[in-house]
Amino acid sequence: MPQHSFTRRRWLALLGSAGLAATQATGALAATEPFPSRPLKLVVPFPPGSGTDIAARHFARLLGEMSGQPAIVENKPGGNGFIAVQMVLNAPADGHTVLLGSNSTLATNAAAFRKLPYDPLVDLAPISLLVGAPVMLVVPPTSRYRTVADLVADARQRPGALNYGSGSISYTLYAEWMDQLAGIKATPINYKGSGDAGAAVMAGNVDFAIVDASSTVELVKSGRLRGLMLAAPQRSPLMPDVPSAPEAGLAAFDAFTWVGAAVAARTPPEATRRLAELFTQAGRSDETRKFYEGQLVNMRLSTPEDMRRYQVEEIARWKSLVKLTGLELQ
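Values in this document were obtained by computation on a predicted structure and should not be read as measured data. (Residues numbered from 1 in each chain as written. Predicted model: local features only at pLDDT ≥ 70, side-chain atom pairs only at ≥ 80, totals over all residues. Heavy atoms only, no water.)

K.L.:
How should I be thinking about empty space enclosed by the protein in this particular structure?
P.N.:
To find leftover empty space, one rolls a probe the size of a water molecule over the atoms. Counted under the stated rule, the structure contains 1 cavity of 30 Å³ or more. Looking at the largest cavity, its volume works out to about 240 Å³. Residue lining of the largest cavity: 26 residues in total, with Gly 51, Thr 52, Asp 212, Thr 257 and Val 259 positioned closest to the centre. Taken together, the elements giving at least two residues each to the lining of the largest cavity come down to helix 2 (51-67), helix 4 (103-112), strand 4 (124-139), helix 6 (169-182) and strand 9 (256-264). When residues of the lining of the largest cavity are assigned to their parent elements, the largest contribution, 4 residues, is made by helix 2. (1 Å grid on protein atoms, 1.4 Å probe; cavity = no way out; pocket = protein on both sides within 12 Å on 5 of 7 lines; lining within 4 Å. Points joined across faces, edges and corners; volume = space filled by probe spheres on them. Helix = DSSP H or I, 4+ residues; strand = E, 2+ residues; numbered from the N terminus.)

Set out below in structure tokens:
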């Protein structure tokens, strides 16, 4: 499996199980009732085709096979992920409704919004981190920009004239971070997901976008998008013609996305433990290894405790990025 930028980041070690108890309500499943006892619903805050959606559909199939209950993916894009989170929080807190969220819904929102309608550390109980991937700077295939230097030179001559597609607040922050590092200013155009932003680039509706590399690698390889930079220390063998961030002159731009599973905090601990077992089993399976072979994706399985500690670390990181870029809080 290919290695890329964020593999150098040390994932927090397991320090015990006390943290999990603080985020979950007490309760117990009936001893005679297996879990899951009915179909699972995996709620995704982005449209079909996004990296989060792709992961959700893969895990849904395996969870259904392992548990004996179907697992259904329901896409609830828009509203900065609030719609999807609210759907999970409004459902019965019995573990059968699971949020398959990204760093946006599970971390970035807590740093970028003044008044967030939910608290990812209080209202949601972590299950497991799942996968992660670097982001990539893409332009239309017919763009006059052949390199990052071309784009930067034009943007410096015409401050604010270039626009970029953003699939979520995380991608906006990444684009603003890149702009800050390059000394340019571009105008954001918001979309419901990274896939929609990529489609806008392909159509020539925006000048560039920062997108999830894992879900757009085939578009770059086929020539439907032009990749100018992979936000990683090295090039990927899957896209040998796309320069790394250091090669593009932005060595500090080490940017990636991740996906994790969570449930409502009131969910009984027995259900969260069983979900963690199922997701871990699915993530370690040969089917998952084969599914992600040849993709810019790394497995990032964790315990619920590890995921919670990583969320805390990520929220602090995103707050630093908000301060660095000067992005106005939503």
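Back to the text.
K.L.:
Just to check I follow, could you spell out the confidence of the model for the protein for this structure?
P.N.:
For any part of a model where pLDDT is low, the fine detail of the predicted coordinates should not be relied upon. Confidence along the protein averages 90 in pLDDT terms, with 90% of residues attaining 70 or more. Note that pLDDT drops below 50 for residues 1-32; the model gives that stretch 83 contacts with residues more than four away or on any other chain. (pLDDT = per-residue confidence, 0-100. Contact = heavy atoms within 4.5 Å.)

K.L.:
Sorry, what's going on with the nonpolar core here?
P.N.:
If you look at soluble globular proteins, the nonpolar side chains tend to sit buried side by side. One finds Tyr 174, Phe 208, Ile 210 and Phe 253 to be the most contacted residues of the largest nonpolar core, which totals 55 residues. The element best represented in this core is helix 6, accounting for 8 residues. In this structure Phe 208 touches Leu 137, Val 138, Val 139, Leu 151, Leu 162, Asn 163, Tyr 164, Gly 165, Met 178, Asp 179, Ala 186 and Val 201, once residues within four positions along its chain are discounted. Membership of the second largest hydrophobic core comes to 32 residues, among which are Ala 125, Ile 127, Ala 133 and Leu 278. (Core = buried A, V, L, I, M, F, W, Y, C linked by side-chain atoms within 4.5 Å. Buried < 20%, exposed > 50% of the residue type's maximum accessible area, 1.4 Å probe, protein only.)

K.L.:
When you look at the environment of Pro 77 in this model, what are you seeing that I'm missing?
P.N.:
By the element assignment, Pro 77 lies in the loop between strand 2 (71-75) and helix 3 (82-90). On the accessibility criterion, Pro 77 (24% relative accessible area) is partly exposed. In this structure the C-alpha to C-alpha distance between Pro 77 and Tyr 145, which are 68 residues apart in sequence, comes to 31 Å. The residues touching Pro 77, leaving out its near neighbours within four places in the chain, are Val 44, Pro 45, Phe 46, Pro 47, Ile 83 and Lys 192.

K.L.:
I keep staring at the packing of helix 4 against helix 6 and nothing clicks. Help me out?
P.N.:
Packed helices, taken two at a time, are described by the angle between their axes plus the distance between the axes. Contact geometry of helix 4 with helix 6 gives a least axis separation of 9 Å together with a crossing angle of 60°. Put simply, helix 4 runs oblique to helix 6. Where helix 4 abuts helix 6, its residues Asn 103, Ser 104, Thr 108, Asn 109 and Ala 112 lie against Ile 169, Ser 170 and Leu 173. Of the residues in the contact of helix 4 with helix 6, the class split is 3 nonpolar, 5 polar and no charged. (Axes fitted to C-alpha atoms, helices over the stretch in contact; angles between N-to-C directions. Parallel < 35°, antiparallel > 145°, perpendicular 65-115°, else oblique. Nonpolar A, V, L, I, M, F, W, Y, C, P; charged D, E, K, R; others polar.)

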